[in-house]
Amino acid sequence: MKLRIDPLDTLFFRDGRPFTRGEDDWAASIFPPSPGVIYGALRSLYFANLLEELELALTDADPTAALRIKALYWQIGAEDEGEPCFPLPLDCVRLKNNRREPGGFHLLTISTLAGLATNYPLDFVLKSEEEVAGPGNHLLDRESLVDYLEGKKEIFFAHDLADHLYWEPKVGIGRDAITHAAAEHLLYRVQMLRLKDMSLIVEYEGLQLPEQGFLRLGGEGRAASFTHVAGEMEGLPAPATGRYFKLYLATPAFFNGGWRPGWLDHRGEGTYGPLKLKLLTAAVGKPVPSGGFDIKIRQPKPMRRAVPGGSVYYFAILQGTIADAVAAFHGRCISEYRQQEGFGLAFTGCLDPENLSIITGEGN
């Protein structure tokens, strides 16, 4: 099932930093929100329509236990003409002094570490000969992501979130519980955000929800409308041949190994089902802290740090086939925690010809 969510008000998605009453006065928001926020909103929507089943939450008979988010992405543009958009891959950077294509993002180039004494565990690094800036808050439309996964292009043009996202600070006060007068030292400010021409699309299974209506989304439970729409996103292309591939994360992922999957050892080698793989290099952003608050037991959820969406891993297949890799990763959530919430949505892609020639030695 496919659900489109349109905010009706400003939204607030807390970052992972604590906010203590009377000690902190600034609550920052993040975007995009954690998949766990969307997962929680769908569960809350279910129980809001069937309050008599709320007591079953987090028990063996929890009616939402089968809920599984299959895909999560943004749609920019009009309702019927909007295009699916995903985080810009982190191996794409902007050249700071590029006057010819100032809005373009260029693929980084793979390089060896020959001649360097280092404890860096992988065989290659990603680099540019020019001064660059990271991808920042940009989204890549589906057509451009197809080109990226097919390794066809080296320059991409992305949507700047600044054109679709407006920050609106909100000032609040704490009140005395008895007199309801403003309490001292409880003035605070919250960083709210407003979306423009952008909807959230969720593909899920395992739960029956109303066809359309309203739900509460994010911190402060701001209102959003939702409606089910027909069909699912057209599939993204996957590599058909070769022994090298990219693994692109469209949503944040939790790994036992921190920035790298837990099934890889310190040298970057490991087995995943029938595959034996070697990690060649990676483009990984700053970790994203993700926790939450369990309303039923009135306690914070464990805080973990996730690899951000847009991260990219370059792999060589030591054992198995590219078909095995596609079956194992493409369009699947591969996070090692909270996988059912949509963390770790991954897609496999081809390496561009230049980087592939460097890895295979044909470019020397």
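What counts, and at which threshold
Residues numbered from 1 in each chain as written. Predicted model: local features only at pLDDT ≥ 70, side-chain atom pairs only at ≥ 80, totals over all residues. Heavy atoms only, no water. Helix = DSSP H or I, 4+ residues; strand = E, 2+ residues; numbered from the N terminus. Rg over C-alpha atoms; globule rule 2.2 N^0.38 Å. Buried < 20%, exposed > 50% of the residue type's maximum accessible area, 1.4 Å probe, protein only. Expected span 1.5 Å × (residues − 1). Contact = heavy atoms within 4.5 Å. Polar contact = N/O pair within 3.5 Å; in protein donor to acceptor, adjacent residues only side chain to side chain. 1 Å grid on protein atoms, 1.4 Å probe; cavity = no way out; pocket = protein on both sides within 12 Å on 5 of 7 lines; lining within 4 Å. Points joined across faces, edges and corners; volume = space filled by probe spheres on them. Nonpolar A, V, L, I, M, F, W, Y, C, P; charged D, E, K, R; others polar. Phe/Tyr/Trp six-rings, centres within 6.5 Å; stacked < 30°, edge-to-face > 60°. Lys NZ or Arg CZ within 6 Å of the ring centre and 35° of its normal. Salt bridge = Lys/Arg side-chain N within 4 Å of Asp/Glu carboxyl O. Pairing = 2+ DSSP bridges. Core = buried A, V, L, I, M, F, W, Y, C linked by side-chain atoms within 4.5 Å. Axes fitted to C-alpha atoms, helices over the stretch in contact; angles between N-to-C directions.

Novice: Break down the overall build of the chain for me, citing the residues and quoting the values.
Specialist: If you tally the helices and strands in the chain, you get 4 helices and 27 strands. Relative to the compact-globule value of 21 Å for 364 residues, the chain shows a C-alpha radius of gyration of 22 Å, a close match. Taking the principal axes of the C-alpha coordinates as reference, the chain spans close to 75 × 45 × 45 Å. Of all 364 residues assigned to the chain, the portion counted as buried reaches 46%.

Novice: Requested: an account of helix α1 (residues 35-49), with residues and values cited.
Specialist: Since the α-helix packs 3.6 residues into each turn, any two residues three or four apart lie on the same face. An ideal rise of 1.5 Å per residue puts 21 Å on 15 residues; α1 measures up with 22 Å between its terminal C-alpha atoms. Along α1, the residues classified as buried are Pro 35, Gly 36, Ile 38, Tyr 39, Ala 41, Leu 42, Arg 43, Leu 45, Tyr 46 and Phe 47. Tucked into the core, α1 has its buried residues touching β1 (2-7), β3 (68-76), β15 (198-205), β16 (212-217) and β17 (222-229). The opening residue of α1 is Ser 34, an N-cap whose side-chain oxygen sits 3.0 Å from the backbone nitrogen of Gly 36.

Novice: Give me the lowdown on the layout of surface pockets, citing residues and values where you can.
Specialist: In this structure, the second largest pocket encloses a volume near 790 Å³. Forming the walls of the second largest pocket are 38 residues, and the residues nearest its centre are Phe 31, Pro 32, Asn 137, Pro 308 and Gly 309. Those elements giving two or more residues to the lining of the second largest pocket turn out to be α1, β3, β4 (83-87), β10 (138-141) and β21 (288-290). Tallied by class, the residues present in the lining of the second largest pocket amount to 27 nonpolar, 10 polar and 1 charged.

Novice: Could you give an account of empty space enclosed by the protein, naming the residues involved and the relevant values?
Specialist: By the definition in use, this model includes 1 cavity of 30 Å³ or more. Here the largest cavity is characterised by a volume of approximately 40 Å³. The wall of the largest cavity is formed by Ile 5, Pro 7, Leu 11, Phe 13, Phe 31, Trp 74, Leu 195, Leu 200 and Leu 217. When grouped by side-chain class, the residues that make up the lining of the largest cavity number 9 nonpolar, no polar and no charged.

Novice: Residue-level account of the packing of aromatic side chains, with values.
Specialist: Inspection of every chain in the model, using the stated rule, returns 15 aromatic pairs. One residue, Arg 304, lies across the ring of Tyr 337, its end atom 3.8 Å from the ring centre.

Novice: Before we move on, could you go through the pattern of salt bridges and cite the residues and values that matter?
Specialist: Two side chains carrying opposite charge are able to pair once their charged atoms lie near each other. Going through the model one piece at a time under the given rule, you end up with 16 salt bridges. Across the pair Glu 220 and Lys 170 runs a salt bridge whose closest N-O atoms are separated by 3.1 Å. Of this pair, Glu 220 sits in the loop between β16 and β17 while Lys 170 sits in strand β13 (residues 165-172), placing them 50 residues apart in sequence. Taking the relative accessible area as the measure of exposure, Glu 220 reaches 38% and is therefore partly exposed. On the basis of relative accessibility, which here comes to 26%, the residue Lys 170 falls in the partly exposed class. Among the salt bridges present, the one from Arg 267 reaches Asp 265, with a minimum N-O distance of 3.2 Å. For Arg 267, a relative accessible area of 43% puts it in the partly exposed group. Take Asp 265: its relative accessible area is 26%, and that puts it in the partly exposed class. Within the structure, one salt-bridge network assembled from shared partners comprises Asp 123, Asp 265, Arg 267, Glu 269 and Lys 278.

Novice: How would you summarise the pairing of β1 if you had to cite specific residues and measurements?
Specialist: Relative to β17, β1 runs antiparallel, the two sharing 6 bridges. Across the sheet, residue Ile 5 finds its bridge partner in β17, namely Phe 226. Judged from the 4 bridges that link them, β1 and β15 form a sheet pairing that is antiparallel. Bridging from a neighbouring strand, Leu 3 pairs with Val 202 of β15.

Novice: Tell me what's going on with the nonpolar core, and back it up with residues and numbers.
Specialist: In this structure, Ile 5, Phe 31, Leu 195, Met 198, Val 202, Tyr 204 and Leu 217 are the most contacted members of the largest nonpolar core, which totals 34 residues. Every element with two or more residues in this core is listed here: β1, α1, β3, β14 (188-195), β15, β16 and β17. Top element by residues in this core is α1. It accounts for 7 residues. In this view, Ile 5 contacts Ser 199, Leu 200, Val 202, Leu 215, Leu 217, Ala 224, Ser 225 and Phe 226; residues no more than four positions away in its chain are not counted. The next biggest cluster of nonpolar side chains, apart from the first, holds 33 residues, and it includes Leu 88, Leu 149, Leu 236 and Leu 345.

Novice: Any details on the environment of Tyr 314? Residues and values, ideally.
Specialist: Within the fold, Tyr 314 resides in strand β25 (residues 312-319). Relative accessible area serves as the criterion here: at 0%, Tyr 314 is assigned to the buried category. Sequence spacing of Tyr 314 and Cys 350 is 36 residues, and the spatial spacing of their C-alpha atoms is 9.5 Å. There is a polar contact of 2.6 Å between the side chain of Tyr 314 and the side chain of Asp 91.

Novice: Could you give me a rundown of the sheet that holds strand β11 (residues 155-157), with the residues and numbers involved?
Specialist: Taken in spatial order, the 4 strands line up as β9-β5-β6-β11 in an open sheet, and their pairing is antiparallel. Only two strands of the sheet have a single neighbouring strand rather than two, namely β9 (132-133) and β11. Strand direction decides the pairing type here: strand β5 (residues 92-95) and β9, joined by 2 bridges, are antiparallel. Residue Leu 95 lies in a different strand from β9, and its bridge partner there is Val 132. Relative to β11, helix α2 (residues 142-149) is tilted by about 165 degrees, and along the sheet it contacts β5, β6 (104-107) and β11.

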